[in-house]
Amino acid sequence: MRARLIARLLRLFAALPWRWNRALGTGLGWMLAHTPNPVWRHSAINLRLCLPELSPDDHRRLLRTSLIETGKTVLEAGPLWFWPAERIRGLMGEAVNVEPVDAAIRSGRGVILATPHLGSWEMAGHFCAVRWGITNLYRPPRLRALDTLLCHSRERLGARMAPTNAKGVRSLYETLARGGVVGMLPDQDPGQSGGVFAPLFGIPANSMVLLDRLARK
């Protein structure tokens, strides 16, 4: 039931005109910034821990801006999951600063693209799929009924999804062995067996070790 509801909401967001989608996302972010909720609480704690040199007013402004962008990101998932591939390609502007990646691919050694969940990372995945045919590591959703939809939506422009299990990790190694491109978003808690605590903004954080192992291999 929950999976069907989420899928229908995403389809609704995809059916909205782009300006309406962005406006509604801004409204959602404004609500997140002005009502008690887990996202607001976690963001406020992280800002205080990582940027203690900022004033309380600066923290509030940055928190509001961040959550408004989060609201936009949530709603733009609808178009980026359901719009036709050609329409998504039409959103892609000129590619800049891609030469280092192109050169690394030509070397035949494989490329790892690691980026946190910042900006339009769904769109970044589509762009990398079109340009390089990327293999992306992903954590399967808790609602298993959404997994098929998630993979289909993200693979439509040429990406390949690799789940965070032994089979998925194997596919990452195989992609790199072929000289291909691997993508991952390493800013997630990897659990007790998949990480080590390392300082992030001076705060010990459980950090993924897979990225280092892939690079060394």
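See the structure above.
So, here's what we can say about the structure. (Residues numbered from 1 in each chain as written. Predicted model: local features only at pLDDT ≥ 70, side-chain atom pairs only at ≥ 80, totals over all residues. Heavy atoms only, no water.)

1. Section: helix α2 (residues 18–34)
End to end, α2 covers 25 Å across 17 residues, agreeing with the expected 24 Å (1.5 Å per residue, within 8%). Among the residues of α2, Asn21, Gly25, Gly29, Leu32 and Ala33 are the ones counted as buried. Across the axial projection of α2, the buried residues extend over an arc of 110°, all falling on one side. Facing away from the buried side of α2, by more than 90 degrees, are the exposed residues Arg19 and Trp20. (Helix = DSSP H or I, 4+ residues; strand = E, 2+ residues; numbered from the N terminus. Expected span 1.5 Å × (residues − 1). Buried < 20%, exposed > 50% of the residue type's maximum accessible area, 1.4 Å probe, protein only. Arc of directions from axis to C-beta.)

2. Considerations on the packing of helix α4 (residues 56–82) against helix α7 (residues 121–132)
Here α4 crosses α7 at 30°, and the two axes come no closer than 9 Å. What the angle tells us is that α4 and α7 run roughly parallel. Within the contact between the two elements, α4 uses Thr73, Leu80 and Trp81 and α7 uses Trp121, Glu122, Met123 and His126. Of the residues that constitute the contact of α4 with α7, the class distribution is four nonpolar, two polar and one charged. (Axes fitted to C-alpha atoms, helices over the stretch in contact; angles between N-to-C directions. Parallel < 35°, antiparallel > 145°, perpendicular 65-115°, else oblique. Contact = heavy atoms within 4.5 Å. Nonpolar A, V, L, I, M, F, W, Y, C, P; charged D, E, K, R; others polar.)

3. Some points on helix α9 (residues 166–177)
Helix length check: α9, at 12 residues, gives a terminal C-alpha distance of 17 Å against a target of 16 Å (1.5 Å per residue), a fit within 8%. Turning to α9, its buried residues are Gly168, Ser171, Leu172, Thr175 and Leu176. Across the axial projection of α9, the buried residues extend over an arc of 135°, all falling on one side. Facing away from the buried side of α9 by over 90 degrees, the exposed positions are Ala166, Lys167 and Ala177. Looking at the buried residues of α9, the elements they touch are β1 (111–114), β2 (135–138), β3 (160–163), β4 (181–184) and α10 (210–216). The backbone nitrogen of Lys167 has a side-chain oxygen 3.2 Å away, supplied by the residue at the start of α9, namely Asn165. (Polar contact = N/O pair within 3.5 Å; in protein donor to acceptor, adjacent residues only side chain to side chain.)

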